[in-house]
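# Overview (structure and organization)
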Amino acid sequence: MMAPLGRGIAGPGDGSLPSASVFRILHVSTGNVCRSPITERLHRHALELRLGAARSGGLLVESAGTWGHEGAPMETHAATVLTDYGADPAGFLGRELLDEHVIRADLVLTATRDHRAQVISMGHSAGLRTFTLKEFNRLVRAIDPATLPEPGPDLPDGGLVERARALVGAAAALRGWLLAPNPESDEVYDPYGAPITFFRSIGDEINQALDPVVTALTGVPARA
C-alpha cells in the first residue's frame, strides 16, 4: 500500500518517476511527531536550497516512527523549530514504520542506535543501508568527494541518484573502520514533552548533522 501524500512522503515526483530514477531517504524515530519530522523537513528544505525544487525531485525524503502515531500532526514545538529554519511544517501526518517503507528505502537514517537495530531486525537486507543520522554524518565526512560520481544537469536526474547510491555503498564500507568515539555520539535524544529550548537544541543538532550529508548527496556545499 502506498502512503498518501502529506504522510511524510515528498509529493513532487512521488509515484510518477520510475524507481531507478528515485532515491528514497527514510528518517526514523519513535513517534514520528518530533525528531523524524524535523529531520525530514529540514532535509527537504536543504535539498531545495542547494538544488532548487525542480532538480531535487530524484531525492525523495520521508519519515516514519517505530511506534508512530498514525495520522498525528507533528508536535507544536517541532513545527516551531522548522519555521525557525525557514522549512515548511505544513501538511505533515505521522506514520507507523511498516515493512514497505524499509523495502522502498535506499537509505534509512535513524535518530538512535535502538531505532537502527529495530529497522535492521525487520529484514529486507536493510543492514547495509541503515545508519543513525550522526553515524552517517561521520562516515560521509570521511569520504573523498572525488571518488563519487559527479552530478551534472545533463545527466539523468542530474546524476543525483547514482551519486547517492555510491555514497551509501562507500559509507557502508567504512562503518567497521570509523567507529564513534562513544556510543552517545551517535544519538539524537527525544525532546518529546520538553520545553521549546530543548527542541531548538535538538533542531540545531539535526541541522548540523544534515549539512555534510546534503553536501555529499548533492555535491553542492551550503551557502556561506
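Throughout this document, residue positions are counted from 1 along each chain, in the order its sequence is written. A pLDDT threshold of at least 70 governs which residues receive local features in this predicted model, and a stricter bar of 80 or more applies before side-chain atom pairs are shown or counted, although totals over entire chains, interfaces and linings include all residues. Note that water and hydrogens are dropped before the side-chain values are worked out from all heavy atoms of the structure.

The next thing to look at is the packing of aromatic side chains. When we look at a pair of aromatic rings, we describe it by the centre distance and by the angle of the planes. To pair, rings of Phe, Tyr and Trp, with the six-membered ring standing in for Trp, must have centres within 6.5 Å; the planes then decide the type, stacked if under 30 degrees apart, edge-to-face if over 60, and tilted in the middle. Within the structure shown, the criterion is met by 1 aromatic pair. Ring centres 4.9 Å apart and planes at 50° place the aromatic pair F131 and F136 in the tilted group. Accessibility assignment for this pair places F131 and F136 in one class, buried. Accessible area is worked out with a 1.4 Å probe on protein chains only. A residue is then buried under 20% of its type maximum, exposed over 50%, and partly exposed in between.

This part takes up the sheet that holds strand β2 (residues 59-65). Strand pairing is defined by DSSP finding a minimum of two bridges between the two strands. The helix count covers DSSP runs of H or I at least four residues long, the strand count covers runs of E at least two residues long, and both are numbered beginning at the N terminus. The sheet built from 4 strands is open, its strands ordered β2-β1-β3-β4 with parallel pairing. In this open sheet, the two strands that pair with only one neighbour each are β2 and β4 (130-132). Across this sheet, the average inter-strand angle for adjacent strands is 25°, counted without regard to direction. Judged from the 4 bridges that link them, strand β1 (residues 23-29) and strand β3 (residues 107-110) form a sheet pairing that is parallel. Axis definition: a line fitted to C-alpha atoms, limited for helices to the stretch in contact. Angles are taken between N-to-C directions and run from 0 to 180 degrees.

A word on the nonpolar core. Only buried Ala, Val, Leu, Ile, Met, Phe, Trp, Tyr and Cys residues count toward a nonpolar core, and they belong to the same one when joined by side-chain atoms within 4.5 Å. Ranked by internal contacts, the top residues of the largest apolar core, which has 46 residues, are F23, I38, L107, F131, F136, L167 and I206. Looking at this core, the elements with two or more residues in it are β1, α1 (35-51), β2, α2 (76-84), β3, α5 (133-140), α6 (160-174) and α7 (196-218). With 9 residues, the top contributor of residues to this core is α7. Setting aside chain neighbours within four positions, we find I206 in contact with R35, I38, T39, L42, L133 and V188. If you look at the next biggest cluster of nonpolar residues, it comprises 9 residues, including A64, L97, V108 and V119. Residue contacts are counted whenever heavy atoms from the two residues lie within 4.5 Å of one another.

What follows concerns the pattern of salt bridges. For this document, the term salt bridge refers to a Lys or Arg side-chain nitrogen within 4 Å of an Asp or Glu carboxyl oxygen. In the structure shown here, the tally under the stated rule is 14 salt bridges. When the shortest N-O distance is used, the salt bridge between E62 and R104 registers 3.8 Å. Of this pair, E62 sits in strand β2 while R104 sits in helix α3 (residues 99-104), placing them 42 residues apart in sequence. Residue E62 shares its accessibility class with R104, and that shared class is buried. Across the salt bridge formed by E187 and R113, the nearest N and O atoms sit 2.8 Å from each other. Here E187 is found in the loop between α6 and α7, whereas its partner R113 is found in helix α4 (residues 113-121), with 74 residues between them in sequence. Classification of E187 by relative accessible area gives buried; the value is 10%. Where salt bridges share partners, they join R24, E62, R95 and R104 into one cluster.

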